[in-house]
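Each chain, written out:
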Amino acid sequence: MTTVAFGQAHSSVLETGRRVTAYADQLFTHLPRADQRRWAAAYLLGLLAVSGRKSVRSLAAAVTDSPTASQSLHRFVNSSPWPWQPARRELTRWVEQQLRPTAWTVGTAVVPKRGNQSCGVHRRFVPALGRTINCQVGIGLFLASGHRQVPVDWRLHLPGEWADERLRRRARVPEQVRPLPVWAQVLDLADALATRTSAPLPLVANLCEYKESDRLLQGLRQRGHDFIVTIPGTLPVLPTAPLPGRGGDSSAPVVSAQSFLDASGEVPRSVVMSTHSGSTRLTRIVTGLVRLPRGAHAPRFYRLFAEYPREGQGAPVIRLTSLAHRPMDELLQLAQVQAGTPGALRHLEGSFGLQDFEGRSYPGWHRHVTLVSAACAYSRLVEAEPGDHVNTVPPEWLHADSPGRADLLV
């Protein structure tokens, strides 16, 4: 195990440092070199110690007095040839043991960029800002249980222009990585998660935010992944029986989800639902069984249901789930998970430096978000809050093989 010497630090701080470095050893045991494992622990310690913007310089200053540490940390993330997927697999396994997740969800992180040199940078209209900006877009996978969500995997969105070989070489994009629509990257995340968890988990997400959400649904059902997703009312569905008012027509034509609920949904009924804050509320739902029209595989029934707000307070929230035979109160509880995803993303941005990566390469971005996810998981599940003081680590810990050198990780 990597050892951190804290000198005359308080025992509580010393114990925190020991726990963080033991945790880093567990996640990054696949790294072949001792210096790489030391820098992984140092990066995590910095992410947990620094408040505000987490530049490489501030991370280094939080854990060591060595004048060359910031350069070494930068090289560790950007240049040192270590794979990030083994660390994410171990992180997923660790989070599953600690959190006991009931679902997974996805969040889209928009990272503003000033120039056009960073991997995946493109012009994009951001509704929250009301304007078009230069940015990167990351798609994060979160394991969720109740109100807690922890990131364990990521994809960096590459728009079509990133098929250009000149851009790809400059950003060191691997040959096998090609531009894909966001829905296809979510499917890729689903496939990866299925190989890493001990039991299958349903996707809980808002598909109203995605283009071609029907393509994502088709991919999920073809792969056998369960889901409970918010959908637009225009999504095409197939009723399991003729709609009322169609006379002797025994066919079941494709209709919109909203039209089906208006014409054929069950009589609205009330469900008492508990919230994450411990309070309860009465909600009115309309529900029914449907099929999805696309695909040549055997038909499967899905539950379509709408949750209606109080009268005069807006349109209903419409959801579709493959968990057709689960009790409605259980489905409503599970559906609440998606409401926490925007807050989880803001927490990553504000407390763990999701937007603070200073490099430009594809490998560097993935290594940074892996370390950010590991720091967030530690904070959420071991109850060490970001910004807690982490005592300075002596330079000899980071440079045990060659004190004072900044080229250890070349």
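Residues numbered from 1 in each chain as written. Predicted model: local features only at pLDDT ≥ 70, side-chain atom pairs only at ≥ 80, totals over all residues. Heavy atoms only, no water.

Caption draft 1: Layout of the packing of aromatic side chains. A complete count under the given rule lists eight aromatic pairs for this structure. What links up through ring pairs into an aromatic cluster is the set Tyr23, Trp94 and Tyr378. A cation sits over an aromatic face here: Arg367 above Trp82, 5.4 Å from the ring centre. (Phe/Tyr/Trp six-rings, centres within 6.5 Å; stacked < 30°, edge-to-face > 60°. Lys NZ or Arg CZ within 6 Å of the ring centre and 35° of its normal.)

Caption draft 2: Up close: the packing of helix H2 (residues 34-49) against helix H12 (residues 362-382). Contact geometry of H2 with H12 gives a least axis separation of 9 Å together with a crossing angle of 60°. For the element pair H2 / H12, the angle class is oblique. As for the relative orientation of H2 and H12, their crossing is right-handed in sense. Contacts between H2 and H12 involve Ala40, Tyr43, Leu44, Leu47 and Leu48 on the former and, on the latter, His368, Leu371, Val372, Ala374, Ala375, Tyr378 and Ser379. (Axes fitted to C-alpha atoms, helices over the stretch in contact; angles between N-to-C directions. Helix = DSSP H or I, 4+ residues; strand = E, 2+ residues; numbered from the N terminus. Parallel < 35°, antiparallel > 145°, perpendicular 65-115°, else oblique. Left-handed = near helix turned anticlockwise from the far one by under 90°. Contact = heavy atoms within 4.5 Å.)

Caption draft 3: Local environment of the pairing of strand E2 (residues 122-126). Bridge count between E2 and strand E3 (residues 131-145): five bridges; the pairing is antiparallel. Bridging across to E3, His122 finds its partner in Cys135. Linking two consecutive strands that pair antiparallel, namely E2 and E3, is a turn of four residues; a positive phi of about 70° is found at Gly130 within it. (Pairing = 2+ DSSP bridges.)

Caption draft 4: Highlighting the nonpolar core. Ranked by internal contacts, the top residues of the largest apolar core, which has 103 residues, are Val95, Trp104 and Leu320. Ranked by the residues each element gives to this core, the list is headed by H12, at eleven residues. Not counting residues within four places of it along the chain, the set of residues in contact with Trp104 comprises Leu141, Phe142, Leu143, Val186, Ala190, Leu193, Leu201, Pro202, Leu203 and Val204. Counting residues in hydrophobic clusters, the runner-up holds 13 residues, among them Ala103, Ala144, Leu334 and Ala335. (Core = buried A, V, L, I, M, F, W, Y, C linked by side-chain atoms within 4.5 Å. Buried < 20%, exposed > 50% of the residue type's maximum accessible area, 1.4 Å probe, protein only.)

Caption draft 5: Spotlight on the environment of Arg131. Here Arg131 is to be found in strand E3. Judged by relative accessible area, which is 47%, Arg131 ranks as partly exposed.

Caption draft 6: View of helix H4 (residues 69-78). Burial within H4 is extensive, with seven of its ten residues counted as buried. Within the span of H4, buried status applies to Ala69, Ser70, Ser72, Leu73, Phe76, Val77 and Asn78.

Caption draft 7: Region of interest: the pattern of salt bridges. Applying the stated criterion across every chain, the model contains 16 salt bridges. Salt-bridge contacts for Arg33 lead to Asp35; the nearest nitrogen and oxygen are separated by 2.9 Å. With a relative accessible area of 28%, Arg33 lands in the partly exposed category. A salt bridge links Asp153 to Arg88; its shortest N-O distance comes to 2.9 Å. Of this pair, Asp153 sits in strand E4 (residues 148-156) while Arg88 sits in helix H5 (residues 85-99); the two residues are 65 residues apart in sequence, bridging distant segments of the chain. (Salt bridge = Lys/Arg side-chain N within 4 Å of Asp/Glu carboxyl O.)

Caption draft 8: Just the confidence of the model for the protein, in detail. Here the protein averages 83 in pLDDT, while 80% of its residues score no lower than 70. Per-residue pLDDT, averaged within each element of the protein, yields its smallest value for helix H13 (residues 395-398) (45) and its largest for E4 (97). Low pLDDT (under 50) marks residues 384-397, which in the prediction has 47 contacts with non-local residues, meaning those over four places away or in another chain. (pLDDT = per-residue confidence, 0-100.)

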